[in-house]
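Descriptive structure summary
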Amino acid sequence: MSESTLKTRFAPSPSGEIHLGNLRTALFNYLLAASRGGVFLLRIEDTDAERSRGEHAQALMRDLRWLGLRWQEGPEADGERGPYYQAQRGAIYARYYQALETAGAAYPCFCSDTALQLARKAQRSAGQPPRYAGTCAHLPAEEVRRRLAAGERPTLRFRVPAGGQVEFNDLVRGPQRYNSDDIGDFIIRRSDGTAAFFFCNAIDDALMAVTHVLRGEDHLSNTPRQLLILQALELDAPAYGHVSLLVGEDASPLSKRHGSLSVRQLREMGYLPTAILNYLARLGHSYGDDSYAEPERLAAQFDLERLGKAPARFDPSQLRHWQKEAVQAADSETLLGWFREAGGVLPAGCDAARGLAVLDLVRDNVEMPQDIVDWVSRLCGEPRPGEAEGRVLLAAGSAFFAASLSLLADSSGAFREFAAAVGKQTGARGKALYMPLRVALSGAVHGPEMGRIWDWLGRDACRERLQAALDYCRGAEAHAETV
Ligand code: GLU
């Protein structure tokens, strides 16, 4: 890989399941890399030992793989700039802390939390923005040694150069400018020795040669601090782009309350990966055309210029729309796998070829795997009319089905001709003709085109089904007479 290769990354903290907001960030980075022949890197930001869990990192990788978002560099992949778990990079961060301290760009700060809180309060009530007052910024070396020897545990603060400006061109939001005096010296290592997230994050992006970072706008205010750190260490900074947050109907950040689910939950419900990708890729990024696209096309048409600044609103009905599109577009093998994963079993007598054909037959009427399971049992198993279906059959009555059965014996053509003959003989027309035939043959009041069902069932199965409808009506009619 040449140094000029575009490299994006996804850097999740494995503290829980991956949700749609985070996934969208991953997807944008993936699509940006894929659109420019670049590298997509995965880094696990697990420095927070209390909240990070190995199993979350594993689940996260499983989710990304399931969605087809393969990373070329990172855990369980190639790459020479690892380790890709931050918990294993402590020695690297220690080196850079040391370098900053030696250069005088960072200093130990002994201020207690209480003292800092009081100072912030005073600043606020004086109408000033809360900022570190610089109490420990120039402690004599001797005092530092003495306090360390006495067992005090300082934080490490970054010394922000006075009177400067931090400027950068955000990939999404355009030119940004901050006065360094408004930032105030900030903590890069806590008193318990743990690292501030934005410190490791910046160092790793530089060391891993990440060139482009797309992340949520909640990280915008971290960026000037990260740029200052990298500048002080003479490390290259990536270009940052802050994408708008994902919000719910009520414009507040997306949460479970809005029907936002984790990737695992969506998978278990039966959503197809490409449905999720088509939906998320369009949330905050406009595609010229609204037709379903395979991931390659989503990548080919991805463009930083098309990322919006306004918050993107999550709409569960849109996700379902893309699910239908994805079912339409899926090949038969994928549908069969999807059906089986959901516990669907093809009935005896329905071999794989016939199974694939039935899946194709019903795909327009399917949104979730349970829908296929229901259709397969209706079309391959014994028809069991429910209440609505029973009413339709009884309204037509046994004479209608007796006529249909006798006409079937002479019929060798398409469904249309058969139905016309039944209409002619029974006098039934329109809905009164087609509905009972549909219910008798397909077992449901709505569904795929009748001609296709007719062809798929074949003559014998049609006969059995019309006979079953006839028996059903006769049974009911006989019962009615005796009551
Ligand atoms: N670990 C951070 C997070 O999950 C990464 C932020 C970033 O993308 O820079 O929020």
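Throughout what follows, the structure given in this document is the object of discussion. Just so you know, these numbers come straight off a predicted model, no measurement behind them.

A few points about the overall build of the protein
- Along the backbone of the protein there are 19 helices and 11 strands.
- Taken over C-alpha atoms, the radius of gyration comes to 32 Å for the protein, far larger than the 23 Å a tight globule of 483 residues would show.
- Dimensions of the protein along its principal axes, counting C-alpha atoms only, are 110 × 50 × 35 Å.
- Sorting the 483 residues of the protein into buried and exposed places 48% on the buried side.
- With 56 positive and 61 negative side-chain charges, the protein shows a separation of 4 Å between the mean positions of the two kinds.

Examining the site of the ligand
- Taken together, Arg9, Ala11, Pro12, Ser13, Glu45, Phe197, Asn201, Arg215 and His219 form the complete shell of residues around the ligand.
- Between the ligand and Ser13 there is a distance of 2.9 Å, counted from a nitrogen atom to a side-chain nitrogen or oxygen.
- Between an oxygen atom of the ligand and a side-chain N or O atom of His219, the distance comes to 3.0 Å.
- Spatially, the ligand is embedded in the largest pocket.
- Here the residues of the shell around the ligand sort into three nonpolar, three polar and three charged.

Some details on the nonpolar core
- Formed by 101 residues in total, the largest nonpolar core has its most connected members in Leu23 and Leu64.
- Top element by residues in this core is helix H19 (residues 450-482). It accounts for 11 residues.
- Discounting residues that sit within four places of it in the chain, Leu23 has contacts with Ile18, Leu64, Leu67, Leu69, Val263, Ile276 and Leu280.
- Counting 35 residues, the second-largest nonpolar core is a separate cluster that includes Ile188, Ala202, Leu230 and Tyr240.

Here's the deal with a negative patch on the surface
- Where like charges cluster on the molecular surface, the negative patch consists of Glu294, Glu296, Asp331 and Glu333.
- In this fold, Glu333 is placed in helix H13 (residues 332-341).

Comments concerning the sheet that holds strand E3 (residues 106-109)
- Strand order in the open sheet made by the three strands is E3-E4-E7, with antiparallel pairing throughout. The open sheet has two edge strands, E3 and strand E7 (186-189), and neither has a second partner. The sheet shows a mean angle of 45° between the axes of neighbouring strands, taken without regard to direction.
- Summarising the sheet, strand E4 (residues 155-158) and E7 pair through three bridges and their orientation is antiparallel. Among the inter-strand pairings, Arg157 is bridged to a residue of E7, identified as Ile187.
- Across the face of the sheet, helix H8 (residues 223-232) comes into contact with E4 and E7 while running at roughly 60° to E7.

Here we look at the side chain of Glu45
- As for its placement among the helices and strands, Glu45 is situated in the loop between strand E2 (39-42) and helix H2 (54-66).
- Separated by 3.1 Å, the side chains of Glu45 and Asn201 make a polar contact.
- Residues in contact with Glu45, not counting those within four places in the same chain, are Ala11, Pro12, Ser13, Pro14, Ser52, Gln86, Phe197 and Asn201.

Reading guide: rules and limits
- Residues numbered from 1 in each chain as written.
- Predicted model: local features only at pLDDT ≥ 70, side-chain atom pairs only at ≥ 80, totals over all residues.
- Heavy atoms only, no water.
- Helix = DSSP H or I, 4+ residues; strand = E, 2+ residues; numbered from the N terminus.
- Rg over C-alpha atoms; globule rule 2.2 N^0.38 Å.
- Buried < 20%, exposed > 50% of the residue type's maximum accessible area, 1.4 Å probe, protein only.
- Lys, Arg positive; Asp, Glu negative; His and termini not counted.
- Charge placed at Lys NZ, Arg CZ, Asp CG, Glu CD.
- Near = heavy atom within 4 Å.
- Polar contact = N/O pair within 3.5 Å; in protein donor to acceptor, adjacent residues only side chain to side chain.
- 1 Å grid on protein atoms, 1.4 Å probe; cavity = no way out; pocket = protein on both sides within 12 Å on 5 of 7 lines; lining within 4 Å.
- Sits in = over half its atoms within 2 Å of the grid points.
- Nonpolar A, V, L, I, M, F, W, Y, C, P; charged D, E, K, R; others polar.
- Core = buried A, V, L, I, M, F, W, Y, C linked by side-chain atoms within 4.5 Å.
- Contact = heavy atoms within 4.5 Å.
- Patch = residues over 30% accessible without salt bridge, like charges linked within 9 Å, V, L, I, M, F, W, Y side chains within 5 Å.
- Areas by Shrake-Rupley, 256 points an atom, 1.4 Å probe, with all protein chains shown as cover.
- Salt bridge = Lys/Arg side-chain N within 4 Å of Asp/Glu carboxyl O.
- Pairing = 2+ DSSP bridges.
- Axes fitted to C-alpha atoms, helices over the stretch in contact; angles between N-to-C directions.

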